[in-house]
Amino acid sequence: VLPAMETTRTFKGAFRERVFRARFSSMCPTEVQRAMACLTVPNEEEAESVDARMEIDLRLSLAFSRFQTKYFRTNFGQHLFDLVKHLTYGPCQMPTLWFCVHRHCQVQEFSP
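Residues numbered from 1 in each chain as written. Predicted model: local features only at pLDDT ≥ 70, side-chain atom pairs only at ≥ 80, totals over all residues. Heavy atoms only, no water.

## With respect to the overall build of the chain
Part 1: Within the chain, the regular secondary structure consists of five helices and zero strands.
Part 2: The linear arrangement of helices and strands in the chain, starting from the amino end, is α-α-α-α-α.
Part 3: A burial count over the chain gives 14% of its 112 residues as buried.
Part 4: Summarising the internal contacts of the chain: among those between residues at least 6 apart in sequence, 35% fall at separations of at least 24. (Helix = DSSP H or I, 4+ residues; strand = E, 2+ residues; numbered from the N terminus. Buried < 20%, exposed > 50% of the residue type's maximum accessible area, 1.4 Å probe, protein only. Contact = heavy atoms within 4.5 Å.)

## A look at the packing of aromatic side chains
Part 1: Using the criterion set out here, one finds three aromatic pairs in the structure.
Part 2: Centre to centre, the rings of Tyr71 and Phe72 are 5.5 Å apart; their planes meet at 85 degrees, and the pair counts as edge-to-face. (Phe/Tyr/Trp six-rings, centres within 6.5 Å; stacked < 30°, edge-to-face > 60°.)

## A word on the environment of Ala37
Part 1: Within the fold, Ala37 resides in helix α2 (residues 29-37).
Part 2: Overall, Ala37 belongs to the exposed group, its relative accessible area being 64%.
Part 3: Separated by 15 residues in the primary sequence, Ala37 and Ala22 have C-alpha atoms spaced 8.4 Å apart.

## Examining the pattern of salt bridges
Part 1: The tally for this structure, following the rule as stated, stands at four salt bridges.
Part 2: Taking the shortest distance from any N to any O, the salt bridge between Glu31 and Arg34 comes out at 3.5 Å. Taken together, the positions of Glu31 and Arg34, both in helix α2 and three residues apart, correspond to about one turn of that helix.
Part 3: Relative accessible area serves as the criterion here: at 19%, Glu31 is assigned to the buried category.
Part 4: A salt bridge links Arg59 to Glu55; the shortest N-O distance between them is 2.6 Å. In this pair, Arg59 and Glu55 both sit in helix α3 (residues 44-76), four residues apart, roughly one turn of the helix.
Part 5: Here Arg59 falls in the exposed class, since its relative accessible area comes to 58%. (Salt bridge = Lys/Arg side-chain N within 4 Å of Asp/Glu carboxyl O.)

Honestly, it's all geometry; don't read function into it.
Next comes the structure, spelled out in structure tokens:
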């Protein structure tokens, strides 16, 4: 949102007549259609907070990925890294991993 706001702004508030935001949290047709029917003006502070969160997530993920790669390489030897070059971490990976493990456990415990 911020780049669009910057390129169209010639005076304070100019983007408000040309850039709109659709707010939705899922890709189901009714949600997207509702969002398109209720377009809003972008909030510059919200856009800046999203940019800041993305920057923090990126820096945290990079630092922790380097740390854990070095830690596992030092403590678990090269045999692990014959298969994998880097171990990565991201804020979305842990919840996603939980869903995958949870589903795997459900499948393993299922008896017809």
